[in-house]
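Chain and residue survey
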Amino acid sequence: MARIRRRGDTGASRNFVTRNQAIRKLQISLPDFRKLCIWKGIYPREPRSKKKVSKSSTASTTFYYHKDIQYLLHEPLLQKFRDTKALEKKISKALGRGDVKDAARLDSNAARPEKTGKPNYTLDHVVRERYPTFVDALRDLDDCLSMLFLFANLPSTSTVPAKMIARCERLCLEFQHYLIISRSLTKSFLSIKGIYYQANIQGEEVLWLVPYKFTQRVVGDIDFRIMGTFIEFYMTLLGFINFRLYTSIGLKYPPKFDLVKDENAAELGAFTLEGRTLVGGEEQKQLEEITHRPDPKIQAAVNKVVKTLTSGEANGNETDVAAEEEEEDQSGALDKFEPAAPGGDILLQPSAVGSGQGALFSKFTFYLSRETPRQPLEFILKAFGCKRVGWDATLGDGAFTTNELDPSITHQIVDRPVVQAVTTEEGDGEDNQTSQKLTQNQRVPGRIYVQPQWVWDSFNDGELKEAHLYAPGASLPPHLSPFVKNVQGAYDPTIPLEEQQPENEALDADSDAEVEDADADETAEGMDIAGEDNDEDDEDDDAEDNEDVDADEDEDEEEGDEAAQRQQELEAEMTGTSLNSKKVNAKTKAKAEARKALTKKSREEAEDLERAKGMLSKKKRKLFEQMQYTNNKKSAVDEKLRGKRRRLEKEQEKAKKASA
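About the cut-offs
- Residues numbered from 1 in each chain as written.
- Predicted model: local features only at pLDDT ≥ 70, side-chain atom pairs only at ≥ 80, totals over all residues.
- Heavy atoms only, no water.
- UniProt positions renumbered as here; feature names shortened; annotations may be inferred.
- Helix = DSSP H or I, 4+ residues; strand = E, 2+ residues; numbered from the N terminus.
- Buried < 20%, exposed > 50% of the residue type's maximum accessible area, 1.4 Å probe, protein only.
- Contact = heavy atoms within 4.5 Å.
- Areas by Shrake-Rupley, 256 points an atom, 1.4 Å probe, with all protein chains shown as cover.
- Salt bridge = Lys/Arg side-chain N within 4 Å of Asp/Glu carboxyl O.
- Polar contact = N/O pair within 3.5 Å; in protein donor to acceptor, adjacent residues only side chain to side chain.

The name recorded for the protein chain in an unreviewed UniProt entry is Pescadillo homolog, from Cordyceps militaris. Under the heading Sequence similarities (unreviewed entry), UniProt records this for the protein chain: "Belongs to the pescadillo family." Listed under Subunit (unreviewed entry) in UniProt, the entry text for the protein chain is "Component of the NOP7 complex, composed of ERB1, NOP7 and YTM1. Within the NOP7 complex ERB1 appears to interact directly with NOP7 and YTM1. The NOP7 complex also associates with the 66S pre-ribosome."

Helices and strands together make up the secondary structure of the protein chain, namely 26 helices and 13 strands. With 660 residues in all, the protein chain has 29% of them scored as buried. Considering only contacts in the protein chain between residues 6 or more positions apart, those separated by 24 or more positions represent 64%. Accessible surface for the protein chain amounts to roughly 43700 Å². Of this, 51% is attributable to carbon and sulfur atoms.

Here we come to the pattern of salt bridges. Under the criterion given, the structure shown has 17 salt bridges. The closest approach of N and O atoms between Asp-136 and Arg-139, which form a salt bridge, is 3.8 Å. Of the two residues, Asp-136 and Arg-139 both sit in helix α10 (residues 134-139), 3 residues apart, roughly one turn of that helix. Assessed through its relative accessible area of 26%, Asp-136 is described here as partly exposed. Of the residues examined, Arg-139 reaches a relative accessible area of 55% and is grouped as exposed. One salt bridge in this structure joins Glu-625 and Lys-613, with 3.6 Å as the shortest N-O distance.

All right, on to the side chain of Glu-75 then. Mapped onto the secondary structure, Glu-75 falls in the loop between α5 (66-72) and α6 (77-97). For Glu-75, a relative accessible area of 5% puts it in the buried group. A polar contact is formed between the side chain of Glu-75 and the side chain of Lys-40, at a distance of 2.6 Å. When sequence neighbours within four positions are dropped, the list of residues in contact with Glu-75 reads Leu-36, Lys-40, His-125, Val-126 and Glu-129.

Cis rather than trans, the peptide bond between Tyr-253 and Pro-254 has omega equal to -5°. If you trace the backbone, Pro-254 turns up in the loop between α13 (224-248) and β6 (256-257). Although it is not a glycine, Gln-202 adopts a positive phi angle of roughly 50°. Residue position: Gln-202 is located in the loop between β4 (195-201) and β5 (204-210). Under the relative-accessibility criterion, Gln-202 is labelled partly exposed at 47%.

Pasting the structure below:
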């Protein structure tokens, strides 16, 4: 006889359990159950038929796989949660009896992460379970870095303790040091949300977002307990990854951390790296550890030159320095290895690229003005080879130099518009902190002044951009995302408008331009007529005496025009053509013919496409129509962007003509 199966013991109802059932089975509280599911990577599931799983119940219920809950029964963290719950019960009972000393003794044994920063459990075994290989951990590093950088910029509250923020910041700075040493940073983009970074770590592309250093306002509609649970796991994960990355390039982990420098906002400068890769780099150690002290004689000479030189001489010196740099580059050309005898082996020639894009800023010394974002600029410049980055003392410790007039500085990054200094004796000018009150003759000669976007655009394109395009106060070129790939037919702001717009858009643009020109001519004629009327109203008595002479001249001109008109009508009758056809411009006729040919071509293509669609199945035809809809939508957006650019260029041309 077959075994009798009871309803609800087999099928979908057996494979799923509700959240309340799972909590009762694990014998833990709801917050602990949420923590456990987040750390172990277990998420709610949606069954195909809720009616079968919930046994005809219509209540909104959260379901989990039964096998996932069975897997959680063997988790060592369950015992930690139960011990914590038992200790809290003992403390509450002692307080209920009035035994304060016993309650204080028990409370000292309890783990208080918000006070000590050390819970009574570790998540090391969870990280090893979820990521069997190191590559798996790198693939899941995007969300980890974004969350840790976010918490590193948050203010400390009761839900976000200060020790957690400090731990997140330290882990992020350690990770940035690895990117600087390994030259793994590849791309970056300044967006509204923050700064996007991309790095290639052991063949894996990692992308994360870093918020700007603004004062964060913590709102109450965010559940920081859930986010704190993720952060607790991500801190353990990034600690493992940093250890593996440091040891892979021969560095000691964790690096030495100077608490005094960190309190002085040194950030990256608060760490001292040690390892095999830095043993032979004596110059690098001296460059990072020894405080830079310029020669006092050179410094005095520079100060004297700054006070005396004019702006024209400063510009001349800049060109001289650029010429000297070119001569040095030519003089420092690499030697070629020639074969010793004819027909000999050809030796490998030395490469002038060196370490590639990672050494883009290695020959320069940068100084960051106090209004510029110091943290991202310092990180990017050092990640691309620059070892000498200085800034104002108010920005924090760890600078290569804090003297703005240091003669070794080659580039200075400023982010303020250049205005003339107020020289009135009364001193009635306002002290505008958002503008740089330096005249041209007060600039250091031979130094290049650029805006911060120059750094991002240079290393995204892999070459140094022209500095004059990013000069202080200049209108910057568009900052394009390096993560967007150019698609044929899409709008590209780097290409001239005539090279990228389709034929139909070009014809429409020309027709619109002709209409606008005609309207402008009509408006000008109307203005001339109005001006003539005003002039006639303001005529003097002397002009009234000459009315008869002017009237005779006008009559003669009208008679000449009428004669020419009659001659054209006679010629049109002789040839059998209309008078208006002769007035048609040849250019307008060519455009009309081109538009007609384009319309015919597009109509034929549409007919061919309809015939081809008829040969497809219903499923493929719907898919093709969806693709067409998406492409048409993108084309409409591109056309709108090109139209905006066309109008902007016309406005700029009109402004130039008006100014000229």
